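Per-entry structural report
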Amino acid sequence: MRRETIAIHSGFDCDPATKAVAVPIYQSVAYAFDSADHGAALFNLEEDGFRYSRISNPTNAILEERVAELEGGIAGVALASGQAALHYAFLNVADHGGNIVAAPQLYGTTHTLLNHVLRRQGIEARFAASDSAADIEALIDDETRAVFCETVGNPAGNICDIAAISEAAHRHGVPVIVDNTVATPILLRPIEHGADIVVHSLTKFMGGHGTAMGGMVVDSGRFDWAGEKRRFPQFNEPDRSYHGLVYAERFGKAAFAARMRSVYQRTTGAVMAPMSAFLLLQGIETVALRVERHVDNARRVADFLRADPRVEWVNYAGFEDSPYFELAGKYLCGRPPSLLTFGVVGGYEAAKAFYDRLALVKRLVNIGDVKSLACHPASTTHRQMTAEEAAAAGVTPEMIRLCVGIEHADDIIADLDQALAARATPMLAA
Ligand SMILES: Cc1ncc(COP(=O)(O)O)c(C=O)c1O
């Protein structure tokens, strides 16, 4: 099946008991055992099935299968949010210590997770000088547990050369984890280019309506955990917390997803609610159509902004002079996502005046909604960072991040046009 069809049909035909064709919300915490032996087989992971919703839930399982198939992976684990998914993915590779080498342009909270939270837990984050494969490879050593990047960075809009980065990491026996939230598998399937683990915030374009939080980790099944025994003892030595299970032996290619579920989801429980899984499944049914409109509208808006003298610069990989134009061609078929940034002439204060004047476009910190959304990163998402960290993440004071929605492009442009008028007369903002 093609992606448009997978998004609608994968993982579910109809409910076997009632023939309902909408995915049921299995609002159940626990599942009955036929017998003590049946329960034991489920606990020993010898038999597939459900026992307790902190470990797996039938509604979530459909979402897991659907997103995994969209990404071309072999297994998915649904989690409470994108951040929970990232946290578990990092812990799963690095809970025995070591370092994670990351591209510098990351979503602000992910940067904080790596640079502060995980560092305090004994995992070192190494940020490369740029997102180039060469700069990333320069930081890899024997203690590196993963290379991490966002396929399309938020908010920088940089496009990572996944194939080159994966080749570099694999030369050293290191897996590649990517965050594919901004691109979605409709525009880009990183596993086809060498990525090993794909993480999503489903809260964004995948769900698409800003109604449910959710994250997903997709295991490509391609990384040879058994072949990297020194680097990854957690997959190759008996897990004393789980009957001495050796994940790489028992689960082979799916060891990553299996261990993440058995160790982290089971013991720390950042589970997705089945109602959220249902809402996200509803959103995913239309993701291909929505992304198409997002992409078309973004081009119209980018062209408008670029032609406007009240706008200093526009960062959009669809422009031929963008440093990412070629990579947009290679990875996104020349269709950059609808996340773009621009600078308002006049700096921090002018950007704030513009921001305050927006009427149709919502002022908030979210992306990937059907509605157009704007954020002033310097005063919100990136305000905890030092000036140097913000600059390395590509955030400047006059910068506005715009996530172009699927309204009529003329209405979005009209709102931006009237708000830009406020830039010169900040008093109107009140
Ligand atoms: C690229 C990216 N990854 C991860 C996240 C975190 O997702 P969540 O808000 O679902 O935790 C975000 C949130 O904006 C994001 O933009």
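Residues numbered from 1 in each chain as written. Predicted model: local features only at pLDDT ≥ 70, side-chain atom pairs only at ≥ 80, totals over all residues.

**Digging into the environment of Ala273**
Among the secondary structure elements, Ala273 is positioned in the loop between helix H11 (255–268) and helix H12 (274–284). Judged by local crowding, Ala273 falls into the partly exposed class, with 19 C-beta atoms found within 10 Å. As a C-alpha pair, Ala273 and Leu79 span 194 residues in sequence and 8.6 Å in three-dimensional space. (Helix = DSSP H or I, 4+ residues; strand = E, 2+ residues; numbered from the N terminus. Buried ≥ 20, exposed ≤ 12 C-beta atoms within 10 Å, placed from the backbone.)

**Quick word on the site of the ligand**
Around the ligand sit 15 residues in total, of which Ser81, Gly82, Gln83, Ser201 and Thr203 are the nearest. Per-class residue counts for the shell around the ligand are four nonpolar, nine polar and two charged. (Near = placed C-beta within 6 Å. Nonpolar A, V, L, I, M, F, W, Y, C, P; charged D, E, K, R; others polar.)

**Structural notes on H12**
Among the 11 residues of H12, nine are classified as buried, and the element is accordingly described as predominantly covered. Within H12, burial applies to Pro274, Ser276, Ala277, Phe278, Leu279, Leu280, Leu281, Gly283 and Ile284. Buried residues in H12 make contact with helix H1 (3–9), helix H3 (58–71), strand E1 (75–79) and helix H13 (287–307). (Contact = placed C-beta atoms within 7 Å.)

**What to know about the packing of helix H4 (residues 82–94) against H11**
At their nearest, the axes of H4 and H11 sit 10 Å apart, and the two run at 105° to each other. On the basis of their axis angle, the class for H4 and H11 is roughly perpendicular. Where H4 approaches H11, its residues Tyr88, Leu91 and Asn92 are matched on the opposing element by Phe256, Arg259, Met260 and Tyr264. When its residues are assigned to classes, the contact of H4 with H11 shows five nonpolar, one polar and one charged. (Axes fitted to C-alpha atoms, helices over the stretch in contact; angles between N-to-C directions. Parallel < 35°, antiparallel > 145°, perpendicular 65-115°, else oblique.)

**Structural notes on the sheet that holds strand E12 (residues 399–403)**
Spatially, five strands are ordered E8-E9-E12-E11-E10 in an open sheet, and the strand pairing comes out mixed. In the strand order of this sheet, the two ends are held by strand E8 (311–315) and strand E10 (362–363), each with one partner. Where E10 and strand E11 (residues 373–375) come together, two bridges link them in parallel fashion. By the bridge assignment for E11, Arg363 is matched with Ala374. The strands touched by H13 are E8 and strand E9 (339–344); relative to E8, the strand with the most contacts, the crossing angle is about 150°. Against the sheet, helix H15 (residues 347–357) makes contact with E9, E10, E11 and E12, and its axis sits at roughly 30° relative to E12, the strand it touches most. (Pairing = 2+ DSSP bridges.)

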